[in-house]
Amino acid sequence: MTTFKNFIAGQWVEPTTAAYFENRNPADTRDLIGRFPRSGAEDVARAVASAQRGFAQWSRTPAPLRGDILRRVGDILTTRKEELANLMTREMGKPLAETRGDVQEGIDTAYYAAVEGRRLFGHTVPSELRNKWAMSYRRPIGVCGIITPFNFPLAIPTWKMFPALVCGNACVFKPAEDVPHTGHVFVEVLLEAGLPPEVIQLVHGFGEDVGAALVAHPQVPVISFTGSTETGSKVGETCGRMHKRLSLEMGGKNAQIVMDDADLSLALEGVLWGAFGTTGQRCTATSRLILQEGIHDRFLGMLVDRVRSLRLGDGRVAGTDVGPLIHEESRKKVERYVEIGRSEGARLEVGGSRPSGAGLEHGYFFEPTIFSGVRAGSRLEQEEIFGPVLSVVRVRDADEAFAVNNGVKYGLSSSVYTGSVHTSFRALAELDNGITYINAPTIGAEAHLPFGGVKQTGNGHREGGWEVYEFYSETKVCYVDYSGALQRAQIDTYAG
Ligand code: UN1
């Protein structure tokens, strides 16, 4: 069995705690992937001290050269795509097609970042005074604490770290304890591409130890966190007190709306992918299906038929549609929500149990589950489950559908299937989400557009696209007066 290490101060080192945790395959828990450091605050302190040295060097490296290293990272990820997809599926369970997509999202993010190293636009604007220039440019900030979840073990770390690095920052990376192997290989790839060693630090461990120490460290001015809304609130409290720059990406309760005038077979493919892809463990997952009454019964019948034929299994086996949940606690959480659904009077249409099939007994599998007759405002309809459970709500018209969509505390993505231009554009304007899809599922955001949600999904920042580069840099404004005289702004410009 392999025992893995942290990467701190340019070396692979054991944790100061001398403690380790096991990482097992969620599709078959007999398969032990390795032991990983259960690090503590002292490991974080050493990593931050080294990252400060890395920052001093890296922040002075021209941004196009920083981008060039990211281009090489993209090349290596392309070459190692299949290997990475396999180890990610083994580690967190989603089928190979999905982990290949996860690596591709990282590759796309790398090539976007590489080019951004030649842009990082500031502004040059006219001064109100004669013989004076006014402009702005973007400066690096310092050491960034990067805390990532299990469901996109590669893509989400790349969303955060590639822009942070191109902007000239150093990173201390704490991957989710469910996917430390991907985190390890990711750091190997960064080093192979030529990233100076002290610019990246990898500290394995648990949120309450490593995550908390990173968030509270005074020399880490930037924190980027993806995870639950509950943990995000704690992170936010500490960062607020310490005046840190913080990007939060948290829960969702995303809905797909299907109107009477929709292409039903298209909508069917959309909801199957949106609700049960990644076993429902995406913050963009379709957790609610809002059906207009004219197509409600027919569409539900079509959907239940298809869900019965979804194949559960090891994501590395061809033909598997749905992999396991990440661990036993998430399976228990899903079971609790099945009980809540029953007690709230919703009707269980399909699923609702642990499967009994051969080959599934050693994994955290749960049947794809659909409840119909779900009441807007009920717990099943309001709370994030992060599993393969879909709640169906019946509505009369677009007004009611939009109100149900907007009636939750989260606001990440939404989807409307309709043949009407009128309904489509109304949805774009009226749905309270960071992302709205027309005739496409709630999942599938592309790396070169801003990603994030409104209300309690986030705190106003976006990942991806051009906006994230503003998060990872400070604006510096520069005035150059070459008039040779004192020119008083707001006073000498205007008469009287
Ligand atoms: C997430 O679930 O945290 O849009 C990210 C999507 C993916 C990213 C999901 N590209 O579903």
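About the criteria used
Per chain, residue numbering runs from 1 following the sequence as it is written. pLDDT decides what is reported in this predicted model: residues at 70 or higher carry local features, side-chain atom pairs at 80 or more are listed and counted, and totals for whole chains, interfaces and linings draw on all residues regardless. Each side-chain value is worked out from all heavy atoms of the structure, with water and hydrogens disregarded. The salt bridge definition used is simple: a Lys or Arg side-chain nitrogen within 4 Å of an Asp or Glu carboxyl oxygen. A run of H or I in DSSP becomes a helix once it reaches four residues, and a run of E becomes a strand once it reaches two; helices and strands are each numbered from the N terminus. The rule is simple: take the accessible area with a 1.4 Å probe, protein chains only, and divide by the maximum for that residue type; under 20% is buried, over 50% is exposed, in between is partly exposed. Classification of ring pairs rests on two measures: the distance between centres of Phe, Tyr or Trp rings, Trp counted by its six-membered ring, which must be within 6.5 Å, and the angle between planes, read as stacked under 30 degrees, edge-to-face over 60 and tilted in between. Definition used: whenever NZ (Lys) or CZ (Arg) falls within 6 Å of the ring centre and also within 35 degrees of the ring normal, the charge is taken to sit over that ring. What qualifies as a polar contact is a pair of N or O atoms within 3.5 Å, subject to a donor-acceptor requirement within protein and to the restriction that residues adjacent in sequence count only when both atoms come from side chains. Contact definition: two residues touch when any of their heavy atoms are within 4.5 Å. Patches here are clusters of residues that have more than 30% relative accessible area and form no salt bridge, with a 9 Å joining cutoff for like charges and a 5 Å cutoff for nonpolar side chains (Val, Leu, Ile, Met, Phe, Trp, Tyr). Only the protein chains shown count as cover for residues, and the accessible areas themselves come from Shrake-Rupley with a 1.4 Å probe. The axes used here are C-alpha line fits, helices contributing only the stretch in contact, and every angle between their N-to-C directions lies in the interval 0 to 180 degrees. These descriptions rest on fixed angle ranges, namely under 35 degrees for roughly parallel, over 145 for roughly antiparallel, 65 to 115 for roughly perpendicular, and the rest for oblique. Two helices crossing with the near one rotated counterclockwise from the far one by less than a right angle form a left-handed crossing, whereas a clockwise rotation gives a right-handed crossing. Classes in brief: Ala, Val, Leu, Ile, Met, Phe, Trp, Tyr, Cys and Pro nonpolar; Asp, Glu, Lys and Arg charged; the others, Gly included, polar. Take the buried Ala, Val, Leu, Ile, Met, Phe, Trp, Tyr and Cys residues and link them wherever side-chain atoms come within 4.5 Å; each set so joined is a nonpolar core.

A.B. asks: Sorry, what's going on with the pattern of salt bridges here?
C.D. replies: By the definition in use, this model includes 33 salt bridges. Across the pair Arg80 and Glu192 runs a salt bridge whose closest N-O atoms are separated by 3.4 Å. With Arg80 in the loop between helix 2 (63-79) and helix 3 (81-92) and Glu192 in helix 6 (residues 180-192), the pair connects residues that are 112 residues apart, well separated along the chain. One salt bridge in this structure joins Asp399 and Arg426, with 2.7 Å as the shortest N-O distance. Here Asp399 is found in helix 13 (residues 398-406), whereas its partner Arg426 is found in helix 14 (residues 421-430), with 27 residues between them in sequence. Relative accessible area serves as the criterion here: at 22%, Arg426 is assigned to the partly exposed category. Connected through shared salt-bridge partners, Asp68, Arg71, Arg72 and Asp75 make up one network.

A.B. asks: Before we go on, may I ask you to explain the packing of aromatic side chains in this structure?
C.D. replies: Centre distance and the angle of the planes are the two values used to describe a pair of aromatic rings. Inspection of every chain in the model, using the stated rule, returns ten aromatic pairs. Here the aromatic rings of Phe173 and Phe186 are separated by 6.0 Å at their centres, their planes lie at 85°, and the arrangement is edge-to-face. Of this pair, Phe173 sits in strand 8 (residues 170-174) while Phe186 sits in helix 6; the two residues are 13 residues apart in sequence, bridging distant segments of the chain. With respect to burial, Phe173 and Phe186 carry one shared label: buried. An aromatic cluster of three or more residues is present, and its members are Phe4, Phe21, Phe36 and Phe206. Its guanidinium or amino end placed over the ring of Phe206, Arg38 lies 4.2 Å from that ring's centre, counting from NZ or CZ.

A.B. asks: Can you walk me through the side chain of Asn6 in this structure?
C.D. replies: Topologically, Asn6 is positioned in strand 1 (residues 6-8). By relative accessible area, Asn6 is classed as buried at 0%. Side-chain polar atoms of Asn6 contact the side chain of Ser39, separated by 2.9 Å. In this structure, Asn6 is in contact with Gln11, Trp12, Val13, Pro15, Pro37, Ser39, Asp43, Leu202, Val203 and His204, ignoring residues within four places of it in sequence.

A.B. asks: Honestly, a nonpolar patch on the surface in this entry has me stumped. Any pointers?
C.D. replies: Nonpolar side chains collect at one region of the surface, where Trp133, Val480 and Tyr482 lie side by side and expose about 330 Å² of accessible area between them. Note that Tyr482 resides in the segment after strand 21 (474-481).

A.B. asks: How do you make sense of the packing of helix 2 against helix 6 when you look at a structure like this?
C.D. replies: In helix packing, the relevant descriptors are the interaxial angle and the interaxial distance, both defined with respect to the helix axes. Close contact between helix 2 and helix 6 brings their axes to 9 Å; oriented N to C, the two are set at 130°. Put simply, helix 2 runs oblique to helix 6. Both helix 2 and helix 6 take part in a crossing whose hand is right-handed. Taking contact as the criterion, the partners of Val73, Ile76 and Leu77 in helix 2 are, on helix 6, Val189, Leu190 and Glu192. Grouping the amino acids of the contact of helix 2 with helix 6 by side-chain chemistry returns five nonpolar, no polar and one charged.

A.B. asks: In this structure, what is going on with the nonpolar core? I would like to understand it.
C.D. replies: As a rule of thumb, nonpolar side chains are buried together in soluble globular proteins. Ranked by internal contacts, the top residues of the largest apolar core, which has 66 residues, are Phe162, Ile200 and Tyr472. In contact with Phe162, not counting residues within four places along its chain, are Leu70, Val73, Leu77, Gly106, Thr109, Ala110, Ala113, Pro157, Phe186 and Leu190.

A.B. asks: Explain unusual backbone geometry here, please?
C.D. replies: In most cases, non-glycine residues show a negative phi, while peptide bonds are predominantly trans. Unlike most non-glycine residues, Phe386 shows phi in positive territory, near 60°. By secondary structure assignment, the location of Phe386 is in the loop between helix 12 (379-382) and strand 16 (389-395). Taking relative accessible area as the criterion, Phe386 reaches 22% and is therefore assigned partly exposed. Within the chain, Asn439 stands out as a residue other than glycine whose phi angle is a positive 55°. Examined against the element boundaries, Asn439 turns out to sit in the loop between strand 19 (435-438) and strand 20 (454-455). For Asn439, a relative accessible area of 32% corresponds to the partly exposed category.

Any functional reading would require information that these geometric values do not contain.
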